[in-house]
Amino acid sequence: MAPRPKLAVWKFASCDGCQLTLLDCEDELLAIADALDIAQFLEATKVATDGPYDVSLVEGSITTAHDAQRIRDIRAQTKTLITIGACATAGGTQSLRNFADVDAYTSMVYAHPDYISTLATSTPISDHVKVDFELRGCPVSKHQLLELISATLAGRKPHVPLTSQCTECKQHGTTCVTVAHGIPCLGPVTQAGCGNLCPSVGRGCYGCFGPKETPNAAALSAQMAGLGLPPRALRDLYRSFNAAAPEFQAESKRHD
Amino acid sequence: MTERIIQVDALARVEGEGALYVRLNGAQIEAVEFRIFEPPRFFEAFMVGRDAREAPDITSRICGICPIAYIMGASQAVEQALGIGTSPDIEALRRMLYCGEWIQSHVLHAAMLHAPDFLGLADAIEIAKTNPDLVRKALRLKKLGNTLMEVIGGRSVHPVNTRIGGFYRAPEVERIRALIPELEWGAQAARELTLAFAGFDFPADEYDYHFVSLVHPEDYPITQGRIGSSRGLDIPVADFNAHFSEHHVARSNALQGRMKDGSAYLVGPLARYTNNYDRLSASCQATALEAGLGPVVRNPFKSILVRMIEVQYACEEAARIAGSYVAPSPAFFVAPDRAGEGHGCTEAPRGLCYHHYRIDAEGRIEMAQIVPPTSQNQPQIEADLTRVVAANLGMADDALKWRCEQTIRNYDPCISCATHFLKLTVDRV
């Protein structure tokens, strides 16, 4: 029998929710553990096997000099490096620091800022090393994660659509919340894949899957401004879980 | 004398990045440190200036394992500040959603992260090799918790259907009722897992903890109550800062919680159970008795049993709420812009989680304070480590190291939460 591919799961600055999504595959977890040699997954096991690794799943963003070095070491030992979630692909919620003065932040939260060692920015993994595939979402979708693992094991390209959330509304037969109810929605500029969660409960998309390919955010902003959304609210809508994704960052800065 | 150093650079089977360092000089314990090196993420700082109605969705990103604790604490505090109430139907649905989080989080920890310690195994996958039925039962139970969160909250990690004032859309009655048969199975499965785990060989270790939790006259506390303790504290949530404080120590990127007099205290399942035993259902009390537990549990290694009893309770409670569920109408109450200050406090799976916000006249956050359970438990975790090391000096380094790790895992520490956890280093001098 050929040896099973070695999988490593790594954590950087994050909420642990994307790693948890892997553990949330309750029906598939034992099969995954059969198909793969789980060589590193600190949150789930004491097993810690040295590299090289066939596949690394990386959660979290880079916020310390130590972590910037750690991701380079992981890359050097990994054949296929995949980032999972908004922190690893776009810097995450903690990238809100990129828009402010970090020294002011440390003194606001911590009594002794001198104990804290942190970078001024929270940056995606791809700012530091070559990434082979980025899985979007805050958190990632369980279905997309399973598809990605299956595809990677089979050596094929994962089926992860790059279209907008609007296409999910059409597929689900969800009435457009903006057209029908005047609710601000990032759906037209946000990548599909969550499963049409927010619009299907009558809520505007809040962009947790990050920007779609070539989004026309300026046109969407004009539309939302027409609905009466003030510039500050418009800015904050783009500036959340994918605040440092280039297209969302540029659009939020236009409304600063 | 010989120096011994017991050190774990990156603790496994905990949520987040922590380490352990113990230095011994003969029988003298010179240092015991639970270090949290998880990078800080500065939530309290970047919330300032944001619309207060965003607080639940932003703070949920503090933790992917217990997002409901943040969503609910933030919702309570902001609703109080903006001067709106909800309805009994909305509060019942919130409690049911929170039951889902207790189930998935407790089963993840008890069966997959903590149980392997008692069996001397690396992980739940190894348990599955010899006892696949136990692992399959635990996974089905964990999935049930996630299903509750998906049906009510729209998603299990970072739910989207919750909002200030209630829910975006009330789930249909049929979808809620349809959960009842699996919840009834779940209560029985949780009881069976409690009794299976009760057969573990528990280290003899007892301590007279200061147990702090929410207390409530009728309910086993989840979403509501006053803050009470085993030593007579009984205060409204708004008085939290008058009795508790947070301190910054060099070894931890998480603030450490202490009583104002500097003493350590314990939050979490043992505290909830001991402070509220009389509010548990008769069936849960029966499971506790059969598992060998009295109304007070002082052995931290037995927290695994209390967690599973709480899973039984959460299944029973969710089934009860589902049985009398009516879709809340309206599904939410609208909050106006106004200046105000509010406090929120709920029982996260790992214990008391406090939120405090001050909001300006435009409804924007001026000040945010969030005190998660693992921050509060750090001083007690270090006290437990010192006691466990002192009682086991004769152990070989590897065994002592594992025992220390287990002592930390007793708390199901959530380091991602606490930094808003740990490396073990044992130095034997």
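Scroll up to find the structure.
Residues numbered from 1 in each chain as written. Chains lettered and ligands numbered in written order. Predicted model: local features only at pLDDT ≥ 70, side-chain atom pairs only at ≥ 80, totals over all residues. Heavy atoms only, no water.

**Some points on the nonpolar core**
Residue and element names in this part refer to chain B.
- Counting residues in hydrophobic clusters, the biggest one holds 152 residues, and the most contacted among them are M112, L141, F197, Y273, I304, M308 and Y357.
- No other element matches the 16 residues that helix 4 (residues 88-119) contributes to this core.
- Setting aside chain neighbours within four positions, we find M308 in contact with V107, A110, L141, A190, L193, T194 and F197. (Core = buried A, V, L, I, M, F, W, Y, C linked by side-chain atoms within 4.5 Å. Buried < 20%, exposed > 50% of the residue type's maximum accessible area, 1.4 Å probe, protein only. Helix = DSSP H or I, 4+ residues; strand = E, 2+ residues; numbered from the N terminus. Contact = heavy atoms within 4.5 Å.)

**A closer look at the packing of aromatic side chains**
- One pass over the structure, following the stated rule, counts 16 aromatic pairs over all chains.
- Ring centres of F118(B) and F200(B) lie 5.0 Å apart, and the angle between their planes is 10 degrees; on these two criteria the pair is classed as stacked. In this pair, F118(B) is assigned in helix 4 and F200(B) in the loop between helix 8 (180-197) and strand 6 (212-215), connecting sequence segments 82 residues apart.
- Judged by relative accessible area, which is 13%, F200(B) ranks as buried.
- Each ring, one from F197(B) and one from F200(B), has its centre 5.3 Å from the other, and the planes form 20 degrees; the classification is stacked. One exposure class covers both F197(B) and F200(B), and it is buried.
- Put simply, the rings of F118(B), F197(B), F200(B) and F202(B) pair up and form one aromatic cluster.
- Of note, R70(A) hangs over the ring of F12(A), and the distance from its end group to the ring centre comes to 3.9 Å. (Phe/Tyr/Trp six-rings, centres within 6.5 Å; stacked < 30°, edge-to-face > 60°. Lys NZ or Arg CZ within 6 Å of the ring centre and 35° of its normal.)

**A word on the sheet that holds strand 1 (residues 6-11) of chain A**
Residue and element names in this part refer to chain A.
- Ordered by their spatial adjacency, five strands build an open sheet running 2-1-3-4-5, and the pairing between neighbours is parallel. The open sheet is flanked by strand 2 (37-41) and strand 5 (133-135), the only strands paired with a single partner. On average, adjacent strands in this sheet sit at an angle of 20 degrees to one another, irrespective of strand direction.
- Sheet topology note: the strand 4 (residues 78-84)/strand 5 ladder contains three bridges and is parallel. Following the sheet pairing, T83 is matched in strand 5 by E134.
- Of the strands in this sheet, strand 1, strand 3 (53-59) and strand 4 touch helix 3 (residues 65-76), which is tilted by about 135 degrees from strand 4.
- This element, helix 6 (residues 142-154), spans strand 3, strand 4 and strand 5 of the sheet and lies at about 160 degrees to strand 5. (Pairing = 2+ DSSP bridges. Axes fitted to C-alpha atoms, helices over the stretch in contact; angles between N-to-C directions.)

Scope: geometric values only; no functional claims are made or implied.
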